[in-house]
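# What the coordinates show
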Amino acid sequence: MSRAKGNIAEDKACTFLYENGFEILERNFYSRFGEIDVIVTKENVLHFVEVKSGVDYELAIQNITPSKLSKLLKTCDVYMKKNAYDGDYMLDALVVTPAGIEHLENITI
């Protein structure tokens, strides 16, 4: 996917999150392990959000592999250490398709 399409999906994801009561803290946080697309908070829980887009749900979600999740978790650790965060957190996925947006909370390996 091109960076421009990715940015459009991330913009839609941020709008969705904001409209659903999340406070956006940061976008595109980078570490040597990878990138977290969006970092938000709601009800004292930090959410690290991976945004995936595609023509349908199955094509988008299959890009979240165990290897990708492992890199995301390492990057989450970097963010929490850098910001001295010691509270509750979860890793979420937002799947953006022409049919809509699906929010998957607390995804795991």
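Here we summarise the structure given alongside this text.

Criteria and cut-off values
Residues numbered from 1 in each chain as written. Predicted model: local features only at pLDDT ≥ 70, side-chain atom pairs only at ≥ 80, totals over all residues. Heavy atoms only, no water. Helix = DSSP H or I, 4+ residues; strand = E, 2+ residues; numbered from the N terminus. Rg over C-alpha atoms; globule rule 2.2 N^0.38 Å. Contact = heavy atoms within 4.5 Å. Salt bridge = Lys/Arg side-chain N within 4 Å of Asp/Glu carboxyl O. Buried < 20%, exposed > 50% of the residue type's maximum accessible area, 1.4 Å probe, protein only. Pairing = 2+ DSSP bridges. Axes fitted to C-alpha atoms, helices over the stretch in contact; angles between N-to-C directions.

Looking only at helices and strands, the protein has 3 helices and 5 strands in total. Moving toward the C terminus, one meets the helices and strands of the protein in the order α-β-β-β-α-α-β-β. Here the C-alpha radius of gyration of the protein, 13 Å, is about what a compact globule of 109 residues would show, namely 13 Å. Each of the three principal axes of the protein carries a C-alpha extent, and together these read 40 × 30 × 25 Å. The contacts of the protein with a sequence gap of at least 6 include a subset with a gap of at least 24, amounting to 52%.

Here the focus is the pattern of salt bridges. Scanning all chains against the criterion turns up 4 salt bridges. Between Asp11 and Arg27 there is a salt bridge; the shortest N-O distance is 2.9 Å. Residue Asp11 is located in helix α1 (residues 3–19), and its partner Arg27 is located in strand β1 (residues 23–31); the two are separated by 16 residues in the primary sequence. With a relative accessible area of 32%, Arg27 lands in the partly exposed category. Between Glu50 and Lys52 there is a salt bridge, with the nearest N and O atoms lying 3.2 Å from each other. Take Lys52: its relative accessible area is 15%, and that puts it in the buried class. One continuous salt-bridge network, built from bridges that share partners, spans Glu10, Asp11 and Arg27.

Along the chain, the position of Lys5 falls in helix α1. Residues Lys5 and Gly54, 49 residues apart in the sequence, show an inter-C-alpha distance of 9.7 Å.

Here the focus is the pairing of strand β3 (residues 45–53). Most of β3 sits inside the fold, with 9 of its 9 residues counted as buried. Side chains Val45, His47, Val49, Val51 and Ser53 of β3 all project onto a buried face; the interleaved residues Leu46, Phe48, Glu50 and Lys52 project onto the opposite face, where all are buried too. Bridge count between strand β2 (residues 34–42) and β3: 5 bridges; the pairing is antiparallel. If you follow Val40 over to β3, its bridge partner there is His47. Hairpin connection, β2 to β3: the antiparallel pair is bridged by 2 residues, and Glu43 has positive phi, about 50 degrees.

Turning to the sheet that holds strand β5 (residues 100–104), a few remarks are in order. In space, the 5 strands of this open sheet follow the order β1-β2-β3-β4-β5, with mixed pairing throughout. The open sheet is flanked by β1 and β5, the only strands paired with a single partner. Taken pair by pair, the neighbouring strands of this sheet meet at an average axis angle of 30 degrees, ignoring direction. In terms of strand pairing, β1 meets β2 through 7 bridges, oriented antiparallel. By the bridge assignment for β2, Glu26 is matched with Ile39.

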